[in-house]
Amino acid sequence: MNDGRMSIIVRTIATMIFPFVVIFSFYVIMHGHLTPGGGFQGGAIAASAVVMMIAAYGHKMMEGRISEDGLSMAESIGAAIFAVVAFIGVIMAASFMYNFLVGTPLFGEIPPFGGNAGILNSGGILPILNIAVGLKVIAGLAAVVMIMAMAGDKK
Amino acid sequence: MKAKAIVFVIFVAFIIYAAVKIHPFGDVKKSNMDDYIIMHSQNETAANNVVTSVVFDYRGYDTLGEATVLFTAIAGSLITLRREKNE
């Protein structure tokens, strides 16, 4: 074990799998209003991809590629989008977190009743909230994992 | 030691009693809200996934609290474990 890295086999496989894991996480987040899953679950998948890279390459190599400030900022942006969309419901309609996008061209298509394959352009504010929560969970969990990995070598 | 064993036996008996007395799966006493959400969620929220429409729309306030809990936990761990930049 030199420098916290694992063997060349583990590193190669981790590099090969990483984009697929990230794509699957984006799929789970984007289809949160159609299939099981959503922002939290997809964000956890992407954060586990970051954990895999940290385990394979060691945190010193990842430190140069991911900045804590950027992750912290992305997490705050996700939280801000969530709160802003929730409060727009108060302004546009009657109640907090009202689904004001139903019927509009943006994510507003109403699917037919009953079981169907689903329309991606539906769901009202749900896709926006899913993306906001996904951004928040990706950035937040990755930041926590990075900071915990780096806390070990504090002299 | 004896007291611990007695407590353990009582606890296991309670668990078994609860498992026997639990109401059967799918047999809901009052299903008004279930029926309303199943019948209306696709028209009201335009989403196929009823679970997501409950989590983010009907009970969106809970999700905001959940996100706040996550935000607070991450902020706390970042503050506690952060390294000083200028050392």
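No experiment lies behind these values; they were computed from the predicted model shown.

**Regarding the overall build of chain B**
A tally of helices and strands in chain B yields four helices and zero strands. Secondary structure of chain B in N-to-C order comes out as α-α-α-α. Relative to the compact-globule value of 12 Å for 87 residues, chain B shows a C-alpha radius of gyration of 23 Å, a clear excess of over 25%. The principal-axis extents of the C-alpha atoms in chain B amount to approximately 60 × 60 × 15 Å. Across the 87 residues of chain B, 20% fall into the buried class.

**Description of the overall build of chain A**
For chain A, the count of helices and strands is five helices and zero strands. When the helices and strands of chain A are placed in sequence order, the string is α-α-α-α-α. Over its C-alpha trace chain A gives a radius of gyration of 19 Å, far above what one expects of a compact globule, namely 15 Å for 155 residues. Along the first, second and third principal axes, the C-alpha atoms of chain A reach 60 × 35 × 20 Å.

**As for the interface of chain B and chain A**
Across the contact, 24 residues belong to chain B and 37 residues belong to chain A. The dominant element in the side of chain B that touches chain A, judged by the number of residues it contributes, is helix α4 (residues 60-81) of chain B, at 10 residues.

**Quick word on the environment of A:Glu63**
When you line up the elements, A:Glu63 lands in helix α3 (residues 59-63). Accessibility expressed as a C-beta count within 10 Å gives 14 for A:Glu63, which makes it partly exposed.

**Digging into the nonpolar core**
Counting 42 residues, the largest nonpolar core has A:Ala47, A:Val50, A:Ile138, A:Ala142, A:Ala143 and A:Val145 as the members making the most contacts within it. Broken down by secondary-structure element, the contributors of at least two residues to this core are α1 (8-30), α2 (39-57), α4 (68-92) and α5 (126-151) of chain A together with α3 (50-58) and α4 of chain B. Considering each element in turn, this core owes the most residues, 15 residues, to α5(A). Those residues in contact with A:Ala142 that sit more than four places away from it in its chain are A:Ala47, A:Val50, A:Ile66 and A:Leu71.

**Overview of unusual backbone geometry**
Within the chain, A:Phe107 stands out as a residue other than glycine whose phi angle is a positive 60°. Mapped onto the elements of the fold, A:Phe107 is located in the loop between α4 and α5. Unusually for a residue other than glycine, B:Ala46 sits at a positive phi of about 60°. You can see B:Ala46 is positioned in the loop between α2 (32-45) and α3.

**Regarding the environment of A:His59**
Residues and elements named next belong to chain A. Structurally, the position occupied by histidine 59 is in helix α3. Along the chain, histidine 59 and threonine 35 lie 24 residues apart, while their C-alpha atoms are 34 Å from each other. Not counting the four nearest positions on each side in its chain, histidine 59 is found in contact with Gly4, Ile54, Met146, Ala149 and Met150.

**Re the confidence of the model for chain B**
Averaged over all residues, the pLDDT of chain B is 87; the fraction at 70 or higher stands at 95%. This prediction of the complex comes with two scores: 0.82 for pTM and 0.78 for ipTM.

**Describing the confidence of the model for chain A**
Per-residue pLDDT for chain A has a mean of 87; in total, 97% of the residues score no lower than 70. Considering each helix and strand of chain A separately, the mean pLDDT is smallest for α3(A), with a value of 80, and largest for α1(A), with 94.

**Some words on the packing of α5(A) against α4(B)**
At their nearest, the axes of α5(A) and α4(B) sit 10 Å apart, and the two run at 25° to each other. With respect to each other, α5(A) and α4(B) are oriented roughly parallel. Crossing handedness for the pair α5(A) and α4(B): left-handed. Contacts from A:Val133, A:Lys136, A:Val137, A:Gly140, A:Ala143, A:Val144, A:Ile147, A:Met148 and A:Ala151 in α5(A) reach B:Ala67, B:Leu70, B:Ile74, B:Ser77, B:Leu78 and B:Leu81 in α4(B). Residue composition of the contact of α5(A) with α4(B), grouped by class: 12 nonpolar, two polar and one charged.

About the cut-offs
- Residues numbered from 1 in each chain as written.
- Chains lettered and ligands numbered in written order.
- Predicted model: local features only at pLDDT ≥ 70, side-chain atom pairs only at ≥ 80, totals over all residues.
- Helix = DSSP H or I, 4+ residues; strand = E, 2+ residues; numbered from the N terminus.
- Rg over C-alpha atoms; globule rule 2.2 N^0.38 Å.
- Buried ≥ 20, exposed ≤ 12 C-beta atoms within 10 Å, placed from the backbone.
- Contact = placed C-beta atoms within 7 Å.
- Core = buried A, V, L, I, M, F, W, Y, C linked by C-beta atoms within 7 Å.
- pLDDT = per-residue confidence, 0-100.
- Axes fitted to C-alpha atoms, helices over the stretch in contact; angles between N-to-C directions.
- Parallel < 35°, antiparallel > 145°, perpendicular 65-115°, else oblique.
- Left-handed = near helix turned anticlockwise from the far one by under 90°.
- Nonpolar A, V, L, I, M, F, W, Y, C, P; charged D, E, K, R; others polar.

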